[in-house]
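Survey of secondary and tertiary structure
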Amino acid sequence: SKELVHLWIGLDIVHPCDLNRRIEDVGLSYLNDLVNHGFFKKNERIDGCPYYVLHDLLHNLAVNISSFECLSIYSSNVKSIQIPQDVRHLSIIVDDKDVEDIKTFKYYKKDLGALDKRLKVENLRTLMVFGEHHGSFVKTFCDLFDKARALRAIYLSGSERFYIPGAPYTVEDMLCNFSKLIHLRYLRIKSADMENTGLLSA
């Protein structure tokens, strides 16, 4: 819940009406309302940690409604997917199977690097990367998002190796103009090899 609420705050969709309430509490009330009205379902993992799921039908509806502003690119469809001009929120999902051999990996890297000709990165507000984003993608991401100055939220998740073998790399290596992201309000990195880190700035 905290992760989701902080992301909402970073995207500036939480607006407190009462100045005496913390903005996190307002975001949590939004989430509780969505659960109470049946949009989200609250489940618990084995360790008792709660998580939220969206029904398949509601998910499909949300995807259709937001299709002009939100886009998910899978490594398997990066070349064929239609990209609307007004995309504001982008997620990239890297499937290990699509990059497991060197030939397929090179094709994916080439197709990913060509996205800058199909996507107006300067319009992006959200960037999320899921799965194994190997060290050899660093320069590709850096070149691709060189002009993404309007980003408000960055989320990097699932990487087991958030480094080039023998040479650690940082978010600045993936986003060349990271220091110029003056609108950035939410940064979260989740990796199996390092502690989860999160940053929320005003």
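Heads up: these notes are all about the structure in this document. (Residues numbered from 1 in each chain as written. Predicted model: local features only at pLDDT ≥ 70, side-chain atom pairs only at ≥ 80, totals over all residues. Heavy atoms only, no water.)

**Thoughts on the packing of helix 1 (residues 2-10) against helix 2 (residues 23-36)**
Following both chains from N to C, one finds helix 1 and helix 2 inclined at 115°, their axes separated by 9 Å at the closest point. When the interaxial angle is binned, helix 1 and helix 2 end up roughly perpendicular. For the pair helix 1 and helix 2, the sense of crossing is right-handed. Residue-level contacts link Leu4, Val5, His6, Trp8 and Ile9 of helix 1 to Ile23, Glu24, Gly27, Leu28, Tyr30, Leu31 and Leu34 of helix 2. Of the residues belonging to the contact of helix 1 with helix 2, the class tally is nine nonpolar, two polar and one charged. (Axes fitted to C-alpha atoms, helices over the stretch in contact; angles between N-to-C directions. Helix = DSSP H or I, 4+ residues; strand = E, 2+ residues; numbered from the N terminus. Parallel < 35°, antiparallel > 145°, perpendicular 65-115°, else oblique. Left-handed = near helix turned anticlockwise from the far one by under 90°. Contact = heavy atoms within 4.5 Å. Nonpolar A, V, L, I, M, F, W, Y, C, P; charged D, E, K, R; others polar.)

**Re the pattern of salt bridges**
Opposite charge on two side chains permits pairing when their charged atoms draw close. Here the structure, examined in full by the defined rule, presents five salt bridges. A salt bridge links Glu3 to Arg188, with the nearest nitrogen and oxygen atoms 3.2 Å apart. One end of the pair, Glu3, is in helix 1; the other, Arg188, is in strand 9 (residues 186-191), with 185 residues separating them in the sequence. With relative accessibility at 29%, the residue Glu3 sits in the partly exposed group. Among the ionic pairs, Asp25 bridges to Arg22, the shortest N-O distance being 3.1 Å. A relative accessible area of 33% places Asp25 in the partly exposed class. Residue classification places Arg22 among the partly exposed positions, given a relative accessible area of 49%. It is possible to trace a salt-bridge network through shared partners that takes in Arg22, Glu24 and Asp25. (Salt bridge = Lys/Arg side-chain N within 4 Å of Asp/Glu carboxyl O. Buried < 20%, exposed > 50% of the residue type's maximum accessible area, 1.4 Å probe, protein only.)

**Here's the deal with empty space enclosed by the protein**
Using the criterion set out here, one finds one cavity of 30 Å³ or more in the structure. Taken as a whole, the largest cavity encloses approximately 40 Å³ of empty space. What lines the largest cavity is simply Leu127, Val129, Phe141, Phe145, Ile154, Leu156, Val171, Met174 and Leu175. Sorting the residues of the lining of the largest cavity by element identifies strand 5 (126-131), strand 6 (153-159) and helix 6 (171-174) as the ones contributing at least two each. Each residue belonging to the lining of the largest cavity can be placed in one class, and the counts come to nine nonpolar, no polar and no charged. (1 Å grid on protein atoms, 1.4 Å probe; cavity = no way out; pocket = protein on both sides within 12 Å on 5 of 7 lines; lining within 4 Å. Points joined across faces, edges and corners; volume = space filled by probe spheres on them.)

**A word on the pairing of strand 1 (residues 40-44)**
Across five bridges, strand 1 lies against strand 2 (residues 50-54) in antiparallel orientation. If you follow Glu44 over to strand 2, its bridge partner there is Pro50. Taken together, strand 1 and the strand that follows it, strand 2, pair antiparallel across an intervening segment of five residues, in which Gly48 is found at a positive phi of about 90°. (Pairing = 2+ DSSP bridges.)

**Comments concerning the packing of aromatic side chains**
Summed over all chains, the structure comprises two aromatic pairs. Ring geometry for Phe130 against Tyr155: centres 5.6 Å apart, planes inclined by 45°, an arrangement best described as tilted. In this pair, Phe130 sits in strand 5 while Tyr155 sits in strand 6, placing the two residues 25 residues apart along the sequence. Look at Tyr155 and you get buried, because its relative accessible area is 8%. Between Phe141 and Phe145, the ring centres sit 6.1 Å apart and the planes meet at 15°, which makes this aromatic pair stacked. Of the two residues, Phe141 and Phe145, neither departs from the other in class, the shared state being buried. (Phe/Tyr/Trp six-rings, centres within 6.5 Å; stacked < 30°, edge-to-face > 60°.)

**What to know about the environment of Leu124**
Tracing the chain through its elements places Leu124 in the loop between helix 4 (102-113) and strand 5. A C-alpha to C-alpha distance of 6.3 Å links Leu124 and Ala148, two positions 24 residues apart in sequence. Not counting chain neighbours up to four residues away, the residues in contact with Leu124 comprise Val87, Arg88, His89, Leu90, Leu119, Phe145, Ala150 and Leu151.

**Side note on the side chain of Ser91**
Following the sequence through the fold, Ser91 ends up in strand 4 (residues 89-94). Discounting residues that sit within four places of it in the chain, Ser91 has contacts with Leu71, Ser72, Ile73, Met128 and Phe130.

**Some points on the layout of surface pockets**
If you add up the space inside the largest pocket, you get close to 1,700 Å³. The wall of the largest pocket is formed by 40 residues, among which Leu4, Leu7, Trp8, Phe40 and Met128 lie closest to the centre. Listed by contribution, the elements that provide at least two residues to the lining of the largest pocket are helix 1, strand 2, helix 3 (56-65), strand 3 (70-74), strand 4, strand 5 and strand 9. Counting residues per element, the lining of the largest pocket draws most heavily on helix 3, which supplies six residues. The residue makeup of the lining of the largest pocket, split by class, is 26 nonpolar, nine polar and five charged.

Just geometry here; none of it tells us what the structure is for.
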